[in-house]
Amino acid sequence: MGFNSDYFWECLRSGIIYIPNTIKLVFISLLTGFIFGTIIALIRVYKVPVINKVLAIFVTVYQGVPIVVALLLYNLLFMLEFNNLAKFLNLSKTVKDVDNIWVGIFALTLTAICSMSEVIRGALLSIDKGQDEAGYSVGLTKVQTIRRIIVPQMVPVAIPMMINNIVGLIKASSVVMAIGITEIAAGAIIPGSRTYSFFEGYAAAALIYWTFTVLIEYLAGRLRKHTGKFKRSSYD
Amino acid sequence: MIEVNNVKKSFGKSEVLKGVSVHVEDGEVVVILGPSGSGKTTLLRCINFLETADSGELTMGNISVNLKKANKKQILHIRRKMAFVFQNYNLFANKTALENVMEGLVTARKIPKDKAKEQAKEALDWVGLSDKYDYYPSRLSGGQQQRVGIARAFVLNPEVILFDEPTSALDPELVGETLDLIKRVAQKGITMIVVTHEMSFAQDVADKVIFMDEGVVVEEGSPAQIFSRPKEERTKQFLSRIISLESNYSI
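Residue positions are counted from 1 within each chain, in the order its sequence is given. Whichever chain is written first becomes A and whichever ligand is written first becomes 1, with later ones labelled in order. In view of the model being predicted, local features appear only for residues whose pLDDT reaches at least 70, and side-chain atom pairs are presented and counted only at 80 or more, with totals across whole chains, interfaces and linings using the full set of residues. Excluded from the side-chain calculations are hydrogens and water; all other atoms, namely the structure's heavy atoms, are used.

**Details of the overall build of chain A**
The helix and strand labels rest on DSSP assignments: H or I over at least four residues marks a helix, E over at least two residues marks a strand, and numbering proceeds from the N terminus. When helices and strands are tallied, chain A shows ten helices and zero strands. Going from the N terminus to the C terminus, chain A shows its helices and strands as α-α-α-α-α-α-α-α-α-α. Each of the three principal axes of chain A carries a C-alpha extent, and together these read 70 × 50 × 30 Å. Relative accessibility thresholds used throughout: buried, under 20% of the residue-type maximum; exposed, over 50%; partly exposed, between the two (1.4 Å probe, protein chains only). Evaluated residue by residue, chain A yields a buried proportion of 45% over its 236 residues. Computed by Shrake-Rupley with a 1.4 Å probe, the accessible areas treat only the displayed protein chains as cover when residues are assessed. Within the structure as shown, chain A displays about 13,000 Å² of accessible surface, and the carbon and sulfur contribution to it stands at 69%. Positive charges come from Lys and Arg alone, negative charges from Asp and Glu alone, with His and the N- and C-terminal ends not counted. In this description, the location of a charge corresponds to atom NZ of lysine, CZ of arginine, CG of aspartate or CD of glutamate. Positive and negative side-chain charges in chain A, numbering 21 and 13 respectively, have mean positions lying 9 Å apart.

**What to know about the sheet that holds strand E10 (residues 216-221) of chain B**
Residues and elements named next belong to chain B. At least two DSSP bridges between two strands are required for those strands to pair. A sheet is described by the order of its strands in space; here six strands give the open sequence E6-E7-E8-E3-E9-E10, paired in mixed fashion. Looking at strand neighbours, the two that pair on one side only are strand E6 (82-85) and E10, the edges of this open sheet. Pairwise comparison of adjacent strand axes, ignoring direction, gives a mean angle of 20° for this sheet. Pairing geometry for strand E9 (residues 208-213) and E10, over five bridges, is antiparallel. Looking across to E10, one finds that Val209 is bridged to Gly221. Axes here refer to lines fitted to C-alpha atoms; in helices the fit is confined to the stretch in contact. Angles between the N-to-C directions go from 0 to 180 degrees.

**Overview of a nonpolar patch on the surface**
All names here are of chain A. Here a patch means residues that are over 30% exposed by relative accessible area and free of salt bridges, tied together within 9 Å if like-charged and within 5 Å if nonpolar (Val, Leu, Ile, Met, Phe, Trp, Tyr). Each salt bridge in this description consists of a side-chain nitrogen of Lys or Arg and a carboxyl oxygen of Asp or Glu lying within 4 Å of one another. Among the surface-exposed residues, Ile23, Phe27, Leu31, Phe34, Ile35, Phe36 and Ile39 lie close enough to one another that they form a single nonpolar patch of about 670 Å² accessible area. The topology assignment puts Ile23 in helix H2 (residues 19-45). With relative accessibility at 41%, the residue Ile23 sits in the partly exposed group.

**Overview of the UniProt feature "domain: ABC transmembrane type-1" (unreviewed entry) in chain A**
Those places that UniProt annotates as "domain: ABC transmembrane type-1" (unreviewed entry) correspond, in this numbering, to residues 19-220 of chain A. The span residues 19-220 of chain A is 78% helical and 0% strand by assignment, and the distance between its end C-alpha atoms comes to 21 Å. UniProt positions are given in the numbering used here, feature names are shortened, and annotations may be inferred rather than shown by experiment.

**Focus: the UniProt feature "domain: ABC transporter" (unreviewed entry) in chain B**
Mapped onto the present numbering, the UniProt feature "domain: ABC transporter" (unreviewed entry) falls at residues 2-239 of chain B. The straight-line gap between the two end C-alpha atoms of residues 2-239 of chain B is 27 Å; of that span, 38% is helix and 26% is strand.

**Some words on the side chain of Thr42(B)**
With respect to the helices and strands, Thr42(B) occurs in helix H1 (residues 40-47). Any pair of residues with heavy atoms lying within 4.5 Å of one another is described as a contacting pair. Dropping the residues within four chain positions of it, Thr42(B) is found in contact with Lys9(B), Phe11(B), Val16(B) and Leu17(B).

**Here's the deal with the interface of chain A and chain B**
Counting from both sides, the interface comprises 21 residues of chain A and, opposite them, 26 residues of chain B. Summed over both partners, the accessible area (1.4 Å probe) lost when two parts come together is defined as the buried area. With both chains or domains summed, chain A and chain B bury close to 2,000 Å², and 54% of this area falls on carbon and sulfur atoms. Of all residues in chain A, Ser137(A), Val138(A) and Phe230(A) give up the largest surface area on contact with chain B, accounting jointly for 28% of the area buried on that side. There are two salt bridges connecting chain A and chain B. For the salt bridge of Glu103(B) with Arg148(A), the shortest nitrogen-to-oxygen distance reads 2.5 Å. For the side of chain A that touches chain B, the elements supplying multiple residues, two or more each, are helix H6 (129-137) and helix H7 (142-172) of chain A.

**Looking at the pattern of salt bridges**
Residue and element names in this part refer to chain B. Counting across every chain of the model gives 13 salt bridges over all chains. We note a salt bridge from Glu51 to Arg45, for which the minimum N-O separation is 2.9 Å. Arg45 gets classed as buried once you look at its relative accessible area, which sits at 15%. Two residues, Asp213 and Arg234, come together in a salt bridge whose shortest N-O distance is 2.5 Å. Taken as a pair, Asp213 in strand E9 and Arg234 in helix H9 (residues 233-249) lie far apart in primary sequence, 21 residues in all.

**Quick look at a positive patch on the surface**
A cluster of basic residues, Lys47(A), Lys53(A), Lys129(A), Lys142(A) and Lys72(B), forms a positive patch at the surface. Secondary-structure assignment places Lys53(A) in helix H3 (residues 51-63).

**Regarding a negative patch on the surface**
Judged by side-chain charge, Asp114(B), Glu118(B), Glu122(B) and Asp125(B) come together as a negatively charged surface patch. On the secondary structure map, Glu122(B) appears in helix H4 (residues 113-126).

Structure, rendered in structure tokens:
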């Protein structure tokens, strides 16, 4: 099996064109996942009655579903039911007017919400209850304690797990090709459909993902050092 | 004046407080003694609402609240008249010594930052940590951390400071200096409720000693009464054990 470097560059360019799609898939899901994940984690750690149990069940059940299965399921529901739903809501759109990247974003978002909530919950639980109590004892409210004492201590704990999740989600975003969305991986093998030679395409896709990941891990390392300066050792 | 009446608290099936009442006059130093599991710490935590009692009344000056049913606003109001010194210090790990002492002033009491900084420095100087303003708790020894903890409580100028076994986590050498500091707080005339196992401290500093066992107040009185002429059999038993232990080991 030969490796044609010119052809590799062609695949690389073809993959790079679709980076915006991957960013859209990952960025929107992560942002929404982060916001809702934080809310879910706080509700669960501070034991808000009833909702905390409901959310615990939701997270546990949802994490048991493989992302590809969820994705295919949502896509099917979207194809079958979107027209009815649009009619019901008096929207003048049909299934053809909506880019199905939103189905991909929806599936990745739900996954991100669950995993982010677990990351943040883990980080919150790692902080001694005494820190909350000390906050209350000097007269802070619960919200002030969370904002000024708990969150700043939680961030350096959460970063490594968070990065693991972000990287995982970037890589998992390639599964959306199962419902026909073109992103980095699918883009890089487009030239292959003409030449029937896929090796360079896969290698190009791998290189793009790898670059992304290294960049994010570098930034995370910097951030962690900065936020964890109160710890005894800046490396732990 | 601070008073709690008929405080009850159970954890699951074990009843930790079986109706405890304590009355503390302004400026009084009350020391609570008793064996482990007698409910001393739980009582202190209930007073500061760190634990929700099953029943009981708290009176502070002219405010009276139910320990179980107090709403958030009442709890905050009462807490801002108190300060708490913890057994394991519980300094804010993400804040320097100075920021630890400032936090309650700035965030809870809304005192301007520069003024709070001045007061916090004064408090840290007073506990002998003028060279440690910018140290994070992770860089301080246990004794230093507890002194920051005491400064953090003291700076709020509370009506009462609650001390929960403030020297139990310290190594023996540091116990003395920390107790001396607490004695100095007492001399400032601040009302204090101290849970401790340090008998000599109780004898020296307390205006009133309360002996608790199995969730009830067994006996209370002046240190002289409790240590020299205890009335209850349980108090005698506890004191004789502790005192014989102390003499056995202090060679």
